[in-house]
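Chain residues, written in single-letter form:
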Amino acid sequence: AQKITQTQPGMFVQEKEAVTLDCTYDTSDPSYGLFWYKQPSSGEMIFLIYQGSYDQQNATEGRYSLNFQKARKSANLVISASQLGDSAMYFCAMREGDDYKLSFGAGTTVTVRA
Amino acid sequence: DTGVSQNPRHKITKRGQNVTFRCDPISEHNRLYWYRQTLGQGPEFLTYFQNEAQLEKSRLLSDRFSAERPKGSFSTLEIQRTEQGDSAMYLCASSPDGGDVGKNIQYFGAGTRLSVL
């Protein structure tokens, strides 16, 4: 079974608008971490934001925030005030328990229009 | 502070040839990971090291794949007798040791893109 599901293959957003990228996950482990990475066309995966399963508040990092709904097993990324440089592929990933490896979703391509 | 460095960035080879990729992690990071990413997909975990010890290699795709980290610094990933299905991006990541496992952030290099003709 897929551990991470990203249902939006591609999205367009107007510059300066906000965009929400969906991510749902599947785990039976009570302890897990959720991560979002950005992959521009250059290929490098850039870490954006982290949310722990026991964290009470939604994570925020600058223009990035994570809408964590534990009961629904969703961890959506919100990018506010989109910029042209935000155009990239975005991946949701999860680590379970004491396991160090990450499981990634298939990604969502974001294109920011001027 | 330099990030994770991978070489070469691109590799074109003929089917049946052996290839080796190198990864230099962030200098103070003890943990090093290899992932494979095929077109349109997210990265898929292959193996990881803590210092020179390879702690998990069950996800290496076949016995044609092997990885080493002999001195606990840089790592190499070798693919023997390459096949066209090996064409992919090979990503390396590193992370520091210790602390909360859940918050252990992996930092990635730009990858090596392999094309097998």
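Above this text is the structure in question.
Computed from a predicted structure; not experimentally measured. (Residues numbered from 1 in each chain as written. Chains lettered and ligands numbered in written order. Predicted model: local features only at pLDDT ≥ 70, side-chain atom pairs only at ≥ 80, totals over all residues. Heavy atoms only, no water.)

Caption draft 1: Structural detail: the pairing of strand 7 (residues 65-68) of chain B. All names here are of chain B. Residue alternation in strand 7 divides its side chains into a buried set, Phe65 and Ala67, and an unburied set, Ser66 and Glu68. Strand direction decides the pairing type here: strand 7 and strand 8 (residues 75-79), joined by four bridges, are antiparallel. Looking at the pairing, Phe65 lines up with Ile79 of strand 8. In this antiparallel pair of consecutive strands, strand 7 and strand 8, the connection spans six residues, and Gly72 shows a positive phi of 75°. (Buried < 20%, exposed > 50% of the residue type's maximum accessible area, 1.4 Å probe, protein only. Helix = DSSP H or I, 4+ residues; strand = E, 2+ residues; numbered from the N terminus. Pairing = 2+ DSSP bridges.)

Caption draft 2: Just the interface of chain A and chain B, in detail. Contacts between the two partners involve 21 residues from chain A, matched on the other side by 25 residues from chain B. Between chain A and chain B, roughly 1900 Å² of surface is buried when both sides are summed, and carbon and sulfur atoms account for 58% of that area. Looking at the side of chain A facing chain B, the largest losses of area belong to Arg95, Tyr100 and Lys101 of chain A, adding up to 35% of the total buried there. Across the contact surface, chain A and chain B share one salt bridge. Linking Glu56 of chain B and Lys101 of chain A is a salt bridge whose minimum nitrogen-to-oxygen distance equals 3.9 Å. The interface formed by chain A and chain B holds seven residue pairs in polar contact (both at pLDDT 80 or more) in total. Partitioned by chemical class, the residues of the side of chain A that touches chain B number ten nonpolar, six polar and five charged. (Contact = heavy atoms within 4.5 Å. Buried area = accessible area lost by both parts, 1.4 Å probe. Salt bridge = Lys/Arg side-chain N within 4 Å of Asp/Glu carboxyl O. Polar contact = N/O pair within 3.5 Å; in protein donor to acceptor, adjacent residues only side chain to side chain. Nonpolar A, V, L, I, M, F, W, Y, C, P; charged D, E, K, R; others polar.)

Caption draft 3: Summary view of the sheet that holds strand 7 of chain B. Residue and element names in this part refer to chain B. Pairing within the open sheet is antiparallel, and its four strands lie in the order 1-3-8-7. The open sheet has two free edges, formed respectively by strand 1 (5-7) and strand 7, since each of these has just one partner strand. Each strand axis lies, on average, 15° off the axis of its neighbour in the sheet, ignoring direction. (Axes fitted to C-alpha atoms, helices over the stretch in contact; angles between N-to-C directions.)

Caption draft 4: Spotlight on the pattern of salt bridges. Taken as a whole, this structure holds eight salt bridges over all chains when the rule is applied. Residue Lys3 of chain A pairs with Glu96 of chain A through a salt bridge whose shortest N-O separation is 2.9 Å. With a gap of 93 residues between them, Lys3 of chain A in the segment before strand 1 (4-5) and Glu96 of chain A in strand 10 (residues 88-96) connect regions that are remote in the sequence. For the salt bridge of Glu44 of chain B with Arg36 of chain B, the shortest nitrogen-to-oxygen distance reads 3.8 Å. On the basis of relative accessible area, Glu44 of chain B is assigned to the partly exposed category, the value being 36%. A relative accessible area of 14% means that Arg36 of chain B is categorised as buried. Each of Asp99 and Lys101 of chain A together with Glu56 of chain B takes part in one network of salt bridges that share partners.

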